[in-house]
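What follows is the residue order along each chain.
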Amino acid sequence: MSDTQTLIENRPPSVATLFLERVEATPDAEAFRYPVLRTTGEGPEEWRSLTWRQSSERVLAIAAGLIDLGVQPEERVAIASNTRIEWILADLGILCAGAATTTVYPSTNAEETAYILADSSSRVLIAEDATQLAKVRERRAELPALAHVVVIDEAGVEYAEGDPEGWVLSLADLEWRGSVYLERKPDSVHDRIAAITADQLATLIYTSGTTGRPKGVRLPHGNWSYMATAIPATGLVTAEDVQYLWLPLAHVFGKVLTSGQIGAGHVTAVDGRIDKIIENLPVVKPTYMAAVPRIFEKVYNGVAAKAREAGGAKYKIFQWAAGVAREYAKAAQDNMQRTGNRTAPLGLTVKHAIADKLVYTKLRAAFGGQLRAAVSGSAALAPDIGFFFSGAGIHILEGYGLTESSAASFVNPGEAYRVGTVGKPLPGTEVRIAHDGEILLRGPGIMEGYHGLPEKTAEVLEPDGWFHTGDIGELSVDGYLRITDRKKDLIKTSGGKYVAPAEVEGQFKAVCPFVSNILVHGADRNFCTALIALDEPAITGWAKDHGMAGRPYADIVSTKAVEELISGYVDQLNAGLQRWQTIKKFRVLPRDLDVEHGELTPSLKLKRPVVEREYKYLIDEMYDGTREA
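All of these numbers come straight from a predicted model, not from anything done at the bench.

Chemist: Sorry, what's going on with the overall build of the protein here?
Modeler: Each helix and strand counted, the protein has 22 helices and 26 strands in total. For a compact globule of 629 residues, the expected C-alpha radius of gyration is about 25 Å, and the protein comes in at 25 Å, within 12% of that figure. Considered along the principal axes of its C-alpha atoms, the protein spans approximately 75 × 60 × 55 Å. Expressed as a percentage of its 629 residues, the buried residues of the protein come to 55%. Taking as baseline every contact in the protein between residues at least 6 positions apart, the subset at least 24 positions apart corresponds to 67%. Element-wise, carbon and sulfur atoms account for 51% of the exposed surface of the protein, whose accessible area totals about 26300 Å². Distance from the positive charge centre (67 side chains) to the negative charge centre (81 side chains) of the protein: 6 Å.

Chemist: Help me understand the pattern of salt bridges in this model?
Modeler: A side chain of one charge can pair with a side chain of the opposite charge if their charged atoms are brought near each other. For the structure shown, the criterion picks out 38 salt bridges. In this structure, the salt-bridge partner of D271 is R273, at a minimum N-O distance of 2.8 Å. A residue is classified by how much of its surface remains accessible, and D271, at 4% relative accessible area, is buried. With relative accessibility at 22%, the residue R273 sits in the partly exposed group. The closest approach of N and O atoms between R294 and E297, which form a salt bridge, is 3.4 Å. One end of the pair is R294 and the other is E297, both in helix α12 (residues 293–310) and three residues apart, which spans about a single turn. Each member of the pair R294 and E297 is classed as buried.

Chemist: Just to check I follow, could you spell out the sheet that holds strand β19 (residues 449–450) for this structure?
Modeler: In sheet architecture, strand pairing relies on hydrogen bonds along the backbone and comes in two forms, parallel and antiparallel. Taken in spatial order, the eight strands make up an open sheet running β7-β6-β5-β3-β4-β8-β9-β19, and their pairing is mixed. What marks the edges here is a single partner per strand, and that holds for β7 (168–170) and β19. Pairing of strand β9 (residues 216–220) with β19 involves two bridges; the strand directions are antiparallel. When the bridges of β19 are listed, R218 appears paired with G449. Its contacts with the sheet put helix α5 (residues 110–120) on β3 (76–80), β4 (100–104), β5 (124–127) and β8 (201–206), and the angle it makes with β4 is roughly 165 degrees.

Chemist: Honestly, the packing of helix α9 (residues 221–233) against helix α10 (residues 252–264) in this entry has me stumped. Any pointers?
Modeler: Any two packed helices are characterised by the angle at which their axes cross and by the distance between the axes. Interhelical geometry of α9 versus α10 gives an angle of 65 degrees and a closest axis separation of 7 Å. Relative to α10, α9 is oriented roughly perpendicular. The handedness of the crossing between α9 and α10 is right-handed. Here W224, M227, A228, I231 and P232 of α9 come into contact with α10, specifically with V252, K255, V256, S259, G260, G263 and A264. Tallied by class, the residues present in the contact of α9 with α10 amount to eight nonpolar, three polar and one charged.

Chemist: Quick question: what am I supposed to make of the nonpolar core here?
Modeler: One broad rule of soluble globular proteins: the nonpolar side chains tend to lie buried together. W246, M289, F367 and F389 are the most contacted members of the largest nonpolar core, which totals 133 residues. Counting residues per element, this core draws most heavily on helix α4 (residues 85–96), at nine residues. When near neighbours in sequence (up to four residues on either side) are disregarded, F367 contacts L281, P286, M289, V299, F389 and I394. Core analysis: the second largest hydrophobic core is formed by 31 residues, V520, C528, M548 and V588 among them.

Chemist: Explanation requested: the pairing of β5 in the structure shown.
Modeler: Each regular strand carries side chains that alternate between the two faces of the sheet. The alternating pattern of β5 places V124 and I126 and L125 and A127 on opposite faces, both of which are buried. Here β3 runs beside β5; their pairing, made up of four bridges, is parallel. The partner of V77 across the bridge, within β5, is V124. In this sheet, strand β6 (residues 148–151) lies alongside β5 in parallel orientation, the contact comprising four bridges.

Chemist: Got a minute to help me understand the packing of aromatic side chains in this structure?
Modeler: Working definition: an aromatic ring pair is given by the centre-to-centre distance plus the angle between the planes. A full pass over the atoms with the stated rule returns eleven aromatic pairs. Among the aromatic residues, those joined into a ring-pair cluster are F296, Y300, F318, F367, F388 and F389. R213 extends its terminal NZ or CZ atom over the ring of Y115, reaching a point 4.5 Å from the ring centre. One residue, K215, lies across the ring of Y450, its end atom 5.0 Å from the ring centre.

Chemist: What is the right way to read unusual backbone geometry from this model?
Modeler: Negative phi values dominate among residues other than glycine, just as trans dominates among peptide bonds. The backbone of E74 sits at a positive phi, close to 70 degrees, despite the residue not being glycine. For E74, the location among the structural elements is in the loop between α3 (52–68) and β3. Positive phi, normally seen in glycine, also occurs at A407, with a value near 85 degrees. Relative to the helices and strands, A407 resides in the loop between β14 (396–400) and β15 (410–411). The class for A407 is buried, based on a relative accessible area of 12%.

Chemist: Explain the environment of C512 to me, please; I cannot follow it from the model alone.
Modeler: Along the chain, C512 falls in the loop between α17 (501–511) and β24 (515–521). Separated by 58 residues in the primary sequence, C512 and P454 have C-alpha atoms spaced 45 Å apart. The residues contacting C512, other than those within four sequence positions of it, are N301, I566 and Y569.

Chemist: Whenever I open this one, the side chain of H521 confuses me. Can you help?
Modeler: Among the secondary structure elements, H521 is positioned in strand β24. Given a relative accessible area of 12%, H521 falls into the buried group. Within the structure, the side chain of H521 is placed 3.0 Å from the side chain of E612, a separation counted as a polar contact. Once you skip the residues sitting within four places of it in the chain, H521 turns out to touch I491, F527, C528, T529, E612, I619 and Y623.

Chemist: It is not clear to me how the state of the cysteines should be interpreted in this structure. Could you clarify?
Modeler: Here a disulfide denotes a covalent bond joining the sulfur atom of one cysteine to the sulfur atom of another. Scanning all chains against the criterion turns up zero disulfides. Not engaged in a disulfide, the cysteine C512 finds its nearest cysteine sulfur in C528; these two sulfurs lie 18 Å apart. A relative accessible area of 0% means that C512 is categorised as buried. In this structure C528 comes out as buried when scored by relative accessible area, which is 1%.

Reading the values: rules and limits
Residues numbered from 1 in each chain as written. Predicted model: local features only at pLDDT ≥ 70, side-chain atom pairs only at ≥ 80, totals over all residues. Heavy atoms only, no water. Helix = DSSP H or I, 4+ residues; strand = E, 2+ residues; numbered from the N terminus. Rg over C-alpha atoms; globule rule 2.2 N^0.38 Å. Buried < 20%, exposed > 50% of the residue type's maximum accessible area, 1.4 Å probe, protein only. Contact = heavy atoms within 4.5 Å. Areas by Shrake-Rupley, 256 points an atom, 1.4 Å probe, with all protein chains shown as cover. Lys, Arg positive; Asp, Glu negative; His and termini not counted. Charge placed at Lys NZ, Arg CZ, Asp CG, Glu CD. Salt bridge = Lys/Arg side-chain N within 4 Å of Asp/Glu carboxyl O. Pairing = 2+ DSSP bridges. Axes fitted to C-alpha atoms, helices over the stretch in contact; angles between N-to-C directions. Parallel < 35°, antiparallel > 145°, perpendicular 65-115°, else oblique. Left-handed = near helix turned anticlockwise from the far one by under 90°. Nonpolar A, V, L, I, M, F, W, Y, C, P; charged D, E, K, R; others polar. Core = buried A, V, L, I, M, F, W, Y, C linked by side-chain atoms within 4.5 Å. Phe/Tyr/Trp six-rings, centres within 6.5 Å; stacked < 30°, edge-to-face > 60°. Lys NZ or Arg CZ within 6 Å of the ring centre and 35° of its normal. Polar contact = N/O pair within 3.5 Å; in protein donor to acceptor, adjacent residues only side chain to side chain. Disulfide = S-S within 2.5 Å.

Here it is as structure tokens:
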């Protein structure tokens, strides 16, 4: 048995135990950085730090406060908040109390918030602010189990006349109660932690389904202690790293990063404001960060648009440098597979060095200048975009996992990463490909099941532990996995040909710098079509140079000029596709797709049925009375 396998099999039963071990091992090391938000005036925001010891003082106080409120082991405590330092401290406090965290996206409406809280029987809600409090006040009659609401930001919170006594309290109040409780019962939290077993419920994460009610995925403590052990064992993160964490912590991808941090002991800078990412990167100077493909696509489109606006020679230099980056990355990757060295031929290396001085150094500086690796997950990254960043010295390591597998099942291994794949399984995770191409997983990260839904659980989880992911993939001889599509999303045309829409969509994102989102349609049709949403900053910048300065987005995208522009990129896409994959017709949408309209999940994945339903009239229009081969 290898040292890694021994480490995983002998790991502690919970992240709560690992957290105490981390505090004991490095009490005075920096654990977190977080911004103090400006209330008035201009100027840069101040970033403050917490050591592991300081973090533990707050975590233990929160845990004791929950115990004082009567929260029992495995009872649910929900968090409805954006990503911020208090989310992490509250989650750790819940786990250290032996309770289980129910995650709620702050963007979730009142009806669905009430459903999640009721279905999970959550006893306490930790709400970010008055807006989140208002959602449960409105539905309080539907939530008999909800005994308390703890508010992080008290600004604007009014204690309503109808509130039961003690129903609403602040996070500061909770921590104060916990501190008093610990004075009376100093061992109470440590006793709770010592009693936690690996199979005890730690987290309920509700999947954002495209149809019907979301399902609560039950993830026990052992899942997270596995992630906290296995992630550092891959070499992906070390104690010297600085992680920038902005992903929604209500999503399993964000949540798993907190376990990996505890295992490795590195610093995490926390700020969930997406509009602050570009501003924060040069301040935080991360060595490691995780993101979804849309973020890298936006960066790529933004850089291309800026070069285009500069015009003339500068745009030609960017186009040349982008081509060199891709060519260099592909050559280096091929050489890595053959010889174990990520190098390229001499002539290409010389061109790459020139392009580096002209273009790539500025791009790396925008990421803070220290970025060693970025992990991309949640959806597929277009290979051409991956090769572009790789050649520019920003190494994007794609990974793969699901809520049901605690997020991290596969990740690309450091220097040996391969663009277009999601890498190799984490130590301790097994994989096999079913006869129909479906990826099956088994290991310590797989969920216990769906909350209160044994029949749904039995549909995906076999008695011997194999989990049916619903994704189609291929394994290389040396164990690298390539995802080809969602099993349920594969299109079969009326001509009997199968099309993987995500593959076509990814290729279009690589050739068209103006695209934000694209949905390929064609199930049971005799040809494929596409709904295309454009990136607003990119297309308005282009419009400014084409006599449409100041016109609103909806006007710009409805013009013949934009139709012809996008048509050229569709033709470029089609040139590299099989005949039955080609896009015969397309429509540019009047606005971009977003989370607010329910077309994207909070992790920015496309909800196909929602988009197809909303824009059915455009799809019907493309097929109306038309016959295409």
